[in-house]
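# Coordinate inspection notes
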Amino acid sequence: MRIGIVILPDQRWSEAQRRWRQVDEWGFDHAWTYDHLGWRDLVDGPWFDSMATLTVAATVTSRIRLGTLVASPNFRHPAAFARQITTVDDVSAGRLLLGLGAGGIGFDSAVLGGETLPPRQRVDRFAEFTELLDLILREDGTTWRGDWFSAVDARNNPGCVQQPRVPFVVAANGPRSMRLVARFGQGWVTTGTGDDTDLSGWWASVAALSLRMDRTLDEAGRDPASLDRYLSLDAAPVFSLSSADFFADQVGRAIELGFTDVVTHWPRASSWYAGDEAVLVDVATRLLPQLRG
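Since the model is a prediction, treat every value here as computed from it, not as a measurement.

Before going further, it helps to examine the UniProt feature "domain: Luciferase-like" (unreviewed entry) in the chain. The sites that UniProt annotates as "domain: Luciferase-like" (unreviewed entry) are residues 1-232. Within residues 1-232, the helical portion is 40% and the strand portion 19%, while the C-alpha atoms at the span's ends are 14 Å from each other.

So this is what it looks like as structure tokens:
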């Protein structure tokens, strides 16, 4: 089992760099940040760019993998984004993981003044975004005209350090997005489904989604062992770092369902992912070696 952590981009770098250095030293396998222009009720507070954050995080870490959880087409174009991806992969010496998702509604979908798309159209756009991004990252000189994006002789020189491109970790709960995982993903990430009060119901939804992913891979003729499976533990109604024992229990449940990776969040003082940093320290220093083993 590999264990990762999300560090929200809501702190000035003078404070945030300590966290990125620390998770690298503790031995976490991957560290992520959110790719938003603003997020939920934190939109009125400090917020920083994800790709710039990952670039500087790469300079203060040495071994941990770094990623977006998740980037979306809400405000990105594949041709421009490919240049940023190539840069972060280069600066990190091939440690970038690219989490990708369809993009939800809210600040990101409204801040540029465009219309808020219904779910079907968001998935249509995501499918085209993923296919074009894959093509640009693998081939130099891409020309494309689709329903959502266009590119004329888009370049990728010098290309990614990781070949043929950086790994895609595709967020998917529905059938169409899962087919994108089977086609383009080196990893799959899920948040489960259900309401925000029933922990057992959330785990039941995760189990059902895992079975659906198995069927999707089978239909695509793909070996299930070729796909890394990431579970965002804090999509559950209880914060995974409520206590060290609770975290260990949640990791155990994820292992039973066949997940290869789990992701938690750095505890915050209030609002989302509110918790005690002492629990994180306990998990990192006492339990992490056991859980990873």
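Text resumes after the structure shown.
Before going further, it helps to examine the packing of aromatic side chains. Summed over the entire model, instances satisfying the criterion amount to twelve aromatic pairs. Seen in terms of ring centroids, Phe129 and Phe149 are 5.8 Å apart; in terms of plane orientation they differ by 55°. Their pairing is tilted. On the criterion of sequence distance, the pair formed by Phe129 in helix H5 (residues 119-138) and Phe149 in the loop between strand E5 (142-145) and strand E6 (150-154) is long-range, its members being 20 residues apart. One exposure class covers both Phe129 and Phe149, and it is buried. When the ring of Trp272 is compared with that of Tyr273, the centres are 6.4 Å apart and the planes differ by 55°; the resulting orientation is tilted. Trp272 sits in the partly exposed class, given a relative accessible area of 32%. Clustering of aromatic rings is evident, with ring pairs tying together Tyr34, Trp39, Phe239, Trp272 and Tyr273. Sitting over the ring of Trp272, Arg40 keeps its end group 4.5 Å from the ring centre. Looking at Arg165, its charged tip hangs above the ring of Phe168, at a distance of 3.5 Å from the centre.

Here the focus is unusual backbone geometry. Note the cis peptide between Leu69 and Val70, where omega equals -10°. By secondary structure assignment, the location of Val70 is in strand E3 (residues 65-71). Cis geometry marks the peptide bond from Gln163 to Pro164; its omega dihedral reads 5°. Its location among the elements puts Pro164 in the loop between E6 and strand E7 (168-171).

Cut-offs used in this document
- Residues numbered from 1 in each chain as written.
- Predicted model: local features only at pLDDT ≥ 70, side-chain atom pairs only at ≥ 80, totals over all residues.
- Heavy atoms only, no water.
- UniProt positions renumbered as here; feature names shortened; annotations may be inferred.
- Helix = DSSP H or I, 4+ residues; strand = E, 2+ residues; numbered from the N terminus.
- Phe/Tyr/Trp six-rings, centres within 6.5 Å; stacked < 30°, edge-to-face > 60°.
- Buried < 20%, exposed > 50% of the residue type's maximum accessible area, 1.4 Å probe, protein only.
- Lys NZ or Arg CZ within 6 Å of the ring centre and 35° of its normal.

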